[in-house]
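Descriptive analysis of the structure
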Amino acid sequence: MKRREMIRGSVLAGAFAAALRPALANAQSGAQSAAQTSELTPAQKGVDASKDLSAPGWKPVFLDEHQNETLIVLSDLIIPSTDTPGAKEALVNRYIDLVLAAETPETQRAFLNSLGYLDGESMRRFKAAFRYLSREEQDRLLHALAYPRVGGGWAGDTGAVADPGHGYFEALKGRIMSAYYSSQIGEKELGWDGAFAHGPYQGCEHPEGDHK
Amino acid sequence: MAGMAQDPLQQTYDAVVVGSGATGGWAAKQLAEAGLKVALLEAGRAVSPKEFTEHMPAYKLKYRDHSPEVVRTRPVQKQCYACMEYNYEWFVNDLENPYSTPPGRPFTWQRLRILGGRSLVWGRQSYRMSDNDFKAASRDGYGDDWPISYADLAPYYDIVERYVGISGATEGNEMLPDGQFLPPMKMSCGEILLRERVKAKFGHTVTIGRTAILTQNHNGRLQCHYCGPCERGCSTFSYFSSPFTTVKDALASGNCTLITNAVVSHVEMDTEPNKARGVTYVDRLTRQVKEVRGKAVILCAQALESTRILLNSSTREYPNGLANSSGALGHYLMDHVVGAGASGRMPDFKTLPNANEPARPNGIYIPRFRNTPSNAKHSRFIRGYGYQGGADADFNFKAEGYGASMKKAVKDGVYGISLGAFGESLARWDNYIEIDRDLKDAWGIPALRISMTHGDNEAALMEDAGASAAEMLEAAGAQDIQVRASVEMPGMAIHELGTARMGNDPKQSVLNAFNQAHDVKNLFVMDGASFVSSACQNPTLSMMALTVRACAHLIDRFHKNEI
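Read on for a plain summary of the structure. Computed from a predicted model, the values in this text were never measured in an experiment. (Residues numbered from 1 in each chain as written. Chains lettered and ligands numbered in written order. Predicted model: local features only at pLDDT ≥ 70, side-chain atom pairs only at ≥ 80, totals over all residues. Heavy atoms only, no water.)

Attention shifts here to the overall build of chain B. Counting secondary structure elements, chain B contains 11 helices and 18 strands. Taking 24 Å as the expected radius of gyration for a compact globule of 563 residues, we find that chain B reaches 23 Å, a close match to that expectation. Each of the three principal axes of chain B carries a C-alpha extent, and together these read 75 × 55 × 50 Å. Here chain B holds 563 residues, and 67% of them are scored as buried. Between the centroid of the 60 positive side chains of chain B and the centroid of its 61 negative side chains there is a distance of 3 Å. (Helix = DSSP H or I, 4+ residues; strand = E, 2+ residues; numbered from the N terminus. Rg over C-alpha atoms; globule rule 2.2 N^0.38 Å. Buried < 20%, exposed > 50% of the residue type's maximum accessible area, 1.4 Å probe, protein only. Lys, Arg positive; Asp, Glu negative; His and termini not counted. Charge placed at Lys NZ, Arg CZ, Asp CG, Glu CD.)

Of the regular secondary structure elements, chain A holds 9 helices and 2 strands. Residues counted as buried form 40% of the 212 residues belonging to chain A. The long-range share in chain A, meaning contacts at least 24 apart out of those at least 6 apart in sequence, stands at 59%. (Contact = heavy atoms within 4.5 Å.)

One finds Leu-31, Leu-41, Ile-298, Tyr-387, Leu-523 and Leu-554 of chain B to be the most contacted residues of the largest nonpolar core, which totals 162 residues. In terms of residue count, helix α11 (residues 540–559) of chain B provides more of this core than any other element does, 11 residues in total. Judged by nonpolar contacts, the second largest core, of 39 residues, contains Ala-90, Leu-100 and Tyr-180 of chain A together with Tyr-402 of chain B. (Core = buried A, V, L, I, M, F, W, Y, C linked by side-chain atoms within 4.5 Å.)

Turning our attention to the packing of helix α6 (residues 189–202) of chain B against helix α10 (residues 456–475) of chain B. Residues and elements named next belong to chain B. Remark: α6 packs on α10, axes separated minimally by 8 Å, with the N-to-C direction vectors making an angle of 110°. Between α6 and α10, the angle is such that the two are roughly perpendicular. For the crossing formed where α6 meets α10, the hand is right-handed. Between α6, through Leu-194, Arg-197, Val-198, Lys-201 and Phe-202, and α10, the contact on the second element is made entirely by Glu-471, Met-472, Leu-473 and Ala-475. Residue classes in the contact of α6 with α10 are distributed as 6 nonpolar, no polar and 3 charged. (Axes fitted to C-alpha atoms, helices over the stretch in contact; angles between N-to-C directions. Parallel < 35°, antiparallel > 145°, perpendicular 65-115°, else oblique. Left-handed = near helix turned anticlockwise from the far one by under 90°. Nonpolar A, V, L, I, M, F, W, Y, C, P; charged D, E, K, R; others polar.)

What follows concerns the environment of Pro-164 of chain A. Residues and elements named next belong to chain A. Note on placement: Pro-164 falls in helix α8 (residues 164–181). Under the relative-accessibility criterion, Pro-164 is labelled exposed at 61%. Between the alpha carbons of Pro-164 and Ile-72 there is a distance of 23 Å; along the sequence they are 92 residues apart.

Let's shift gears to the pairing of strand β11 (residues 340–345) of chain B. Residues and elements named next belong to chain B. Both β11 and strand β17 (residues 479–485) contribute to a ladder of 5 bridges, which runs antiparallel. Bridge pairing in β17 places Ser-343 opposite Gln-482. Here 5 bridges tie β11 to strand β14 (residues 414–423), and the two strands are oriented antiparallel to one another. Bridge pairing links Gly-344 to Ile-417 in β14. (Pairing = 2+ DSSP bridges.)

It is worth spelling out the sheet that holds strand β13 (residues 385–394) of chain B at this point. Strands sit in the order β6-β12-β13-β14-β11-β17 (chain B) across an open sheet of 6 strands; the sheet is antiparallel. The open sheet terminates on both sides in strands that have one partner only, identified here as β6 (207–208) and β17 of chain B.

So, about the state of the cysteines. Residues and elements named next belong to chain B. Applying the stated criterion across every chain, the model contains 0 disulfides over all chains. The structure places no disulfide on Cys-300, whose sulfur is separated from the nearest cysteine sulfur, that of Cys-551, by 7.2 Å. Taking relative accessible area as the criterion, Cys-300 reaches 5% and is therefore assigned buried. (Disulfide = S-S within 2.5 Å.)

Residues and elements named next belong to chain B. Scanning the model with the defined rule gives 5 cavities of 30 Å³ or more in all. Approximately 790 Å³ is the volume attributed to the largest cavity. Around the largest cavity, the lining comprises 49 residues; the ones closest to its centre are Gly-117, Arg-118, Ser-119, Ala-301 and Gln-302. For the lining of the largest cavity, the secondary-structure elements that each account for two or more residues are α1 (22–33), β8 (262–269), α8 (303–311) and α11. Grouping the constituent residues of the lining of the largest cavity by class yields 25 nonpolar, 15 polar and 9 charged. (1 Å grid on protein atoms, 1.4 Å probe; cavity = no way out; pocket = protein on both sides within 12 Å on 5 of 7 lines; lining within 4 Å. Points joined across faces, edges and corners; volume = space filled by probe spheres on them.)

This part is about unusual backbone geometry. Most peptide bonds are trans, and most residues other than glycine sit at a negative phi. A cis amide bond links Gly-199 of chain A with the next residue in sequence, Pro-200 of chain A, at an omega value of -5°. As for its position among the elements, Pro-200 of chain A is in the segment after α9 (184–189). Here Asn-261 of chain B, not a glycine, exhibits a phi torsion of approximately 60°, which is positive. Topologically, Asn-261 of chain B is positioned in the loop between β7 (256–259) and β8.

Given a rise of 1.5 Å per residue, 14 residues ought to cover 20 Å, and the 20 Å separating the end C-alpha atoms of helix α4 (residues 65–78) of chain A matches this to within 8%. Turning to α4 of chain A, its buried residues are Gln-67, Asn-68, Thr-70, Leu-71, Ile-72, Leu-74, Ser-75, Leu-77 and Ile-78 of chain A. Those residues of α4 of chain A that are buried are in contact with α5 (92–102), α6 (105–126), α7 (135–146) and α8 of chain A together with α9 (404–412) of chain B. The N-terminus of α4 of chain A is capped by Asp-64 of chain A, whose side-chain oxygen sits 3.1 Å from the backbone nitrogen of His-66 of chain A. (Expected span 1.5 Å × (residues − 1). Polar contact = N/O pair within 3.5 Å; in protein donor to acceptor, adjacent residues only side chain to side chain.)

What follows is about the pattern of salt bridges. Residue and element names in this part refer to chain B. Tallied over the full model, the rule gives 38 salt bridges over all chains. The partner of Arg-128 in a salt bridge is Asp-158, and the shortest N-O contact between them spans 2.6 Å. One end of the pair, Arg-128, is in the loop between α2 (68–73) and α3 (131–134); the other, Asp-158, is in helix α5 (residues 150–164), with 30 residues separating them in the sequence. Arg-308 is the salt-bridge partner of Asp-441, the closest N and O atoms lying 2.8 Å from each other. Taken together, the residues span a long stretch of sequence, with Asp-441 in the loop between β15 (432–440) and β16 (446–451) and Arg-308 in helix α8 at a distance of 133 residues. Residue classification places Arg-308 among the buried residues on the basis of a relative accessible area of 5%. Taken together, the salt bridges that share partners define one network made up of Arg-111, Arg-113, Glu-305, Arg-308 and Asp-441. (Salt bridge = Lys/Arg side-chain N within 4 Å of Asp/Glu carboxyl O.)

Below you can see the structure in the form of structure tokens.
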């Protein structure tokens, strides 16, 4: 129903058509190889990949050790463990590493730039990389990035200019949010009971003119 | 063609139907149940309920819907929200199925090759057209009237709705005729408030979406269990898709032979003039070239694919495409214009969303209110637009900041409301498709070059639609209203129409009022290609009704030995 909101419209089809032409030679053999595959997605075959990330001996495939540890520390600050588990328990670093490994070089670079900005600011202000800061120092740095204020005014004020660091923060936060809330722990956080059907939809049961 | 294999049964069918989606399924059912021997050709494989994934949580997917395989093989298809890591194999592989577009005229073409076609993943919104649409040209002077009126199609809308099962509410709206409805789905508090305020302030109708989803058990299928993601399949067959309804009936009649993996390249002509003999196809897996013969050939391959087959069927007599003495074949391509709407927050409503609430796979609909018989003509554009939308509490994934307070704010939620417009796309000669002589698909079949752009009228529609949506949300008390008034690239509505239009004048149109080619009487195009104008309603219901009407005509002529 929300088709139009959900359609990802940023990319032009024409550009794709041009890009597809060289791929056609491969497509000729692609039709042959299709006969050997089942033509089902892993999900349609019933493959359950939910345990992959918790495998013992896990190692990052894209991030280096410092980047991985930094991501763990950051994710724990963004979505901490409270009365429910947080991003660290949900292994969001492992999922992000997996997805990044398959991303385009541009997207990979953008992520590393964001992480690098965090360490750069940390070095500039506290003379140490982000993951080695005290909890209080980490908080001061993140707070400045999360609620940017420039020239003495809050970002919401007229004339205030957004801190460029805010964009890096939001990029990292966005990755961590989507990784957390798409995990099994994240689904539970949202209260999901594991059942797929809760119908029928009841809708508004208020008298006319009173819907509060 | 040398070395061509005959079809395995060495049979001449009464009818060869190309395509097994919403319209092809109906053609196969109607013809087979009337006693005709039917061959139903589908370019993709068969589909099984075992591959439905609507109940699989995202965390079981390796990439949780960010699969690099989808990006690599479906760069165009994934522009549709319904193409995802769960089900991407249902969509065509873009590397095997290319098309081209001229510089500055992008078009996104989303399609499936599998039994049932796009009926497996469609949006399911089902609306009738009215004489305001069929006779629009007479009313505002632009374009051409349809060769049929609402009265001609109404009985066939009835047949289709009764069989498919459309849930909806009757409204008595002059632009949106009521139909044979199952009980409507319920509206949320925000939607009811919008309905009340918009009626009071503007006189416009807000109604629950009319959708091909069952709200009670119907024709052997179970009512919806509100799990949400219909586009991944439905284990209770509660939304309408052809493999488990019309195609199933056609096969059960004993008169229909299903041939999957049959990629049709062109129509074969008989030695007798102006008579089709059947179709030639390439076996998708073995690449063998085969012919299926039929007394009638019926194209239901999707608007652009059906016309591509005709363009690839040129003969000495029809050098510019089969059944194209008019020259209109390929022209008047349409796709509803999208890109305008508004969204906001309704701060007066309780939020606290719950992941265990039923997920209603439907929203609200606002029928066209511009340039209607009871309203003055708009000064800046002709025709109009309708809206789809909805209002409900949801998790606040855009909560500010970080840490425990942000984590709580996500769960506290936000009550959102949004409207998105679908506008009429005017039929224009210079929006067209043709064969790209330098481009072939993986089966060696010449591919399409699609040349389309929305015009000034579409842009004016979207500008007005953005402003009107904002006014309506404001009337409902929404805050933080964001307005959109852009024009997205053609194809984004996935409502491709036209390119083999109907008409009474064989010099101006490809098909007659019964979807029958003027030039070749045993050749029919029974899909969206036949549309004369696009209206602004989601077109699948009308396409199915046109198919059933055309089949009634074909069966009649068949029994009179005229086909």
